[in-house]
Amino acid sequence: MGNLIFPSQGLHPVCTTELGYVAGLQPEFAKRNCKIIGLSLDPVSDYRNWVADIEETQGHKVNYPMIGDPELKIAQLYNMLPATSGSTSQGRTPADNATVRTVFVIGPDKKIKLQLMYPMSTGRNFDEVMRVLDSLQLTTKHQVSTPVNWKPGEDVIISGSVSNDEAKKKYPAGWKASKPYLRIVPQPK
């Protein structure tokens, strides 16, 4: 299911925890055929020096690709920073980069499937990103939707684009429906 892209600001304590956590999740992303790509507003050479700190403090070695964006071109292109934020990362402080806290999941069709923006003071929730990735893959394959707070293995909703006649073929055991549009079935395998 495409790529997970998330930006970071060098030597920022919250980003240190995130980069390490994502490194620990790397096998889970690989099982889902999702590649991880980091985006640093600092030159990649600064990031390379930071990797040892991340591994020491977080217990996971970061070995996924990191794109350097010291000219802020990517951050501005994807509206992570306003166009008026200049053309270099030099001299910027974490307070200047407060909006560069976005997570993207990009599908195989090269379209953004998820975009989450976090404040600088709040660590990104990559367990939630993983849950959404599972939902995206499931819903794409089986024409279902996942309800509020869904977790893998829980019941799902038959997509509204699936007629009752089609649903009877897909789900011969039937479904629970408290309303005609709310057709609940066990998660397809």
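Relevant structure appears above.
Let us look at the structure shown here. Everything numeric in this text was worked out from a predicted model, so none of it was measured.

### Overview of helix α2 (residues 44-58)
Counted at 1.5 Å a residue, the expected span for α2 with its 15 residues is 21 Å, and the 20 Å between its end C-alpha atoms agrees. Of all the bends in α2, the greatest, near 30°, is centred on Trp 50. Phi for Gly 59, located one or two positions after α2, is positive at around 80°.

### Considering the packing of helix α1 (residues 13-31) against helix α4 (residues 126-142)
Any two packed helices are characterised by the angle at which their axes cross and by the distance between the axes. Axis separation between α1 and α4 bottoms out at 10 Å; the angle between their running directions is 30°. Relative to α4, α1 is oriented roughly parallel. Note on packing geometry: the crossing formed by α1 with α4 is right-handed. Contact residues: α1 offers Glu 18, Tyr 21, Val 22, Leu 25, Glu 28 and Phe 29, while α4 offers Phe 126, Asp 127, Met 130 and Leu 133. Looking at the contact of α1 with α4 residue by residue, the classes come out as seven nonpolar, no polar and three charged.

### Quick look at the nonpolar core
In terms of nonpolar packing, the biggest core is built from 27 residues, with Leu 4, Phe 6, Leu 19, Val 22, Phe 29, Tyr 64 and Phe 126 touching the most fellow members. Counting residues per element, the ones that place at least two in this core are β1 (3-8), α1, α2, β4 (102-106) and α4. Among residues more than four places away in sequence, those in contact with Val 22 are Leu 4, Phe 6, Phe 29, Ile 36, Tyr 64 and Phe 126. Residues Ile 5, Ala 75, Phe 104 and Ile 106 belong to the second largest nonpolar core, which totals 11 residues.

### Here we look at unusual backbone geometry
Unusually for a residue other than glycine, Leu 72 sits at a positive phi of about 65°. Inspection of the secondary structure assignment puts Leu 72 in the loop between β3 (66-68) and α3 (73-77). By relative accessible area, Leu 72 is classed as buried at 0%. One non-glycine residue, Gln 143, lies in the positive phi region at around 55°. Position of Gln 143 among the secondary structure elements: in the loop between α4 and β6 (144-145).

What counts, and where the lines are drawn
- Residues numbered from 1 in each chain as written.
- Predicted model: local features only at pLDDT ≥ 70, side-chain atom pairs only at ≥ 80, totals over all residues.
- Heavy atoms only, no water.
- Helix = DSSP H or I, 4+ residues; strand = E, 2+ residues; numbered from the N terminus.
- Expected span 1.5 Å × (residues − 1).
- Bend = angle between axes of the 7 residues up to and from the residue.
- Axes fitted to C-alpha atoms, helices over the stretch in contact; angles between N-to-C directions.
- Parallel < 35°, antiparallel > 145°, perpendicular 65-115°, else oblique.
- Left-handed = near helix turned anticlockwise from the far one by under 90°.
- Contact = heavy atoms within 4.5 Å.
- Nonpolar A, V, L, I, M, F, W, Y, C, P; charged D, E, K, R; others polar.
- Core = buried A, V, L, I, M, F, W, Y, C linked by side-chain atoms within 4.5 Å.
- Buried < 20%, exposed > 50% of the residue type's maximum accessible area, 1.4 Å probe, protein only.

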